[in-house]
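Okay, here's what each chain looks like letter by letter:
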Amino acid sequence: MNFKVLSVAALLVSTVCFSVVSSAESIADKIPETSEQIELRIEAELNTLFRDAMKTAAIHLGKSDQVEPFGMMTKVDGTIAIFKISDNDKSRGLSVVQKAHSIRKLLSELALTKQITSSVLTMFATLTKEGQATPQEGLTFEMEHKEGISIVRFLPVSRRIDSENSENNKLVFEIESISTVNKPKTIFASILD
């Protein structure tokens, strides 16, 4: 008899606790984010994309000494997806610029249909910085977020040559030399704010 009373009491207590927790969660869902919270959320999302794109580029560079343009995105459910242009007879004739344009177009279509919240287009590039005569090889990361951030990061890549053993030759990311500049929106440009 005591067991029945205790189990009924436990059931009532757990129901009340569950209701209180559910109410607290629904209240938290209704509290708007502060501008600082929004900024931190966007920064975390873009940093995750950048880190994953950098790792993916490193894998490609390690295998073939080059990086074909590829896109990464954060889908609305929070998962990250990656894609590149298929390697077939039709795509082999495309230039790097044409491949990048195709990837931008697909990312824009995904943004327009509200399937993604952020994106990065990564490709190998050779740039000449202002005031320097020698071009610098590296990776460009065109990153955008639906809430307005649109930047390009350039990560210089240098070649370390071992004159005694060519198997020790490698490409090195010069992380301390990363540069970031704002750019016009291209992926989320057609979405009304």
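What you are looking at is a predicted structure, and each value in this text was computed from that prediction instead of being measured.

Novice: Any chance you could explain the layout of surface pockets here in plain terms?
Specialist: Any empty space left between atoms is shown by rolling a water-sized probe over those atoms. Counted as a void, the largest pocket has a volume near 190 Å³. As for the largest pocket, its lining consists of 13 residues, and the residues nearest its centre are Glu-68, Lys-84, Ile-85, Asp-87 and Lys-99. In terms of residue class, the lining of the largest pocket is built from four nonpolar, five polar and four charged. Top contributing element to the lining of the second largest pocket by residue count: helix 2 (residues 35-64), with five residues. A per-class count over the lining of the second largest pocket returns five nonpolar, one polar and four charged.

Novice: In this structure, what is going on with the packing of aromatic side chains? I would like to understand it.
Specialist: Two aromatic rings, taken as a pair, are described by how far apart their centres are and by the angle between their planes. With the rule as written, the count across this model stands at one aromatic pair. Look at Phe-50 and Phe-141: their rings are 4.8 Å apart centre to centre, the planes differ by 75°, and that puts the pair in the edge-to-face class. In this pair, Phe-50 sits in helix 2 while Phe-141 sits in strand 4 (residues 136-145), placing the two residues 91 residues apart along the sequence. Phe-141 carries the same exposure label as Phe-50, and that label is buried. Stacked on the ring of Phe-50, the Lys or Arg Arg-153 has its end atom at 4.7 Å from the ring centre.

Novice: I keep staring at the nonpolar core and nothing clicks. Help me out?
Specialist: Within soluble globular proteins, side chains that are nonpolar generally end up buried alongside one another. Val-67, Val-120, Leu-139, Phe-141 and Met-143 are the most contacted members of the largest nonpolar core, which totals 19 residues. Sorting the residues of this core by element identifies helix 2, strand 1 (70-75), strand 3 (116-127), strand 4 and strand 5 (150-160) as the ones contributing at least two each. Of the residues forming this core, the biggest block, eight residues, is contributed by helix 2. Discounting residues that sit within four places of it in the chain, Val-67 has contacts with Ala-57, His-60, Leu-61, Phe-124 and Leu-139. One finds Met-73, Phe-83, Ala-111 and Ile-116 within the second-largest nonpolar core, a separate group that totals 12 residues.

Novice: For this particular structure, what's the right way to read empty space enclosed by the protein?
Specialist: In total, this model carries one cavity of 30 Å³ or more according to the counting rule given. In this structure, the largest cavity occupies an estimated 40 Å³ of space. Lining the largest cavity, in full, are Arg-104, Ser-119, Leu-121, Glu-142, Met-143, Glu-144, Lys-183, Thr-186 and Ile-187. Those elements that place two or more of their residues in the lining of the largest cavity are strand 3 and strand 4. When its residues are assigned to classes, the lining of the largest cavity shows three nonpolar, two polar and four charged.

Novice: Quick question: what am I supposed to make of the side chain of Ser-150 here?
Specialist: When you line up the elements, Ser-150 lands in strand 5. Apart from residues lying up to four places away in sequence, Ser-150 is in contact with Met-143, Glu-144, Val-181, Asn-182, Lys-183, Pro-184 and Lys-185.

Novice: Which parts of the structure should I look at to understand helix 4 (residues 96-112)?
Specialist: In an α-helix, one turn spans 3.6 residues, which is why side chains three or four residues apart end up on the same side. An ideal rise of 1.5 Å per residue puts 24 Å on 17 residues; helix 4 measures up with 24 Å between its terminal C-alpha atoms. Within helix 4 the residues assigned to the buried category are Lys-99, Ala-100, Ile-103, Leu-107, Ser-108, Leu-110 and Ala-111. Packed against the buried residues of helix 4 are strand 1, strand 2 (80-84), helix 3 (89-92) and strand 3. Positive phi shows up at Lys-114, right after helix 4, with a value of about 55°.

Novice: Just checking my understanding: could you explain helix 2 for this structure?
Specialist: Its 30 residues place the ends of helix 2 43 Å apart at the C-alpha level, agreeing with the 44 Å of an ideal helix rising 1.5 Å per residue. Along helix 2, the positions that sit buried rather than exposed are Ile-42, Glu-45, Leu-46, Leu-49, Phe-50, Asp-52, Ala-53, Met-54, Thr-56, Ala-57 and Leu-61. Next to the buried residues of helix 2 lie strand 1, strand 2, strand 3, strand 4, strand 5 and strand 6 (170-173). Following helix 2 by one or two positions, Asp-65 has its phi on the positive side, about 65°.

Cut-offs and rules
- Residues numbered from 1 in each chain as written.
- Predicted model: local features only at pLDDT ≥ 70, side-chain atom pairs only at ≥ 80, totals over all residues.
- Heavy atoms only, no water.
- 1 Å grid on protein atoms, 1.4 Å probe; cavity = no way out; pocket = protein on both sides within 12 Å on 5 of 7 lines; lining within 4 Å.
- Points joined across faces, edges and corners; volume = space filled by probe spheres on them.
- Nonpolar A, V, L, I, M, F, W, Y, C, P; charged D, E, K, R; others polar.
- Helix = DSSP H or I, 4+ residues; strand = E, 2+ residues; numbered from the N terminus.
- Phe/Tyr/Trp six-rings, centres within 6.5 Å; stacked < 30°, edge-to-face > 60°.
- Buried < 20%, exposed > 50% of the residue type's maximum accessible area, 1.4 Å probe, protein only.
- Lys NZ or Arg CZ within 6 Å of the ring centre and 35° of its normal.
- Core = buried A, V, L, I, M, F, W, Y, C linked by side-chain atoms within 4.5 Å.
- Contact = heavy atoms within 4.5 Å.
- Expected span 1.5 Å × (residues − 1).

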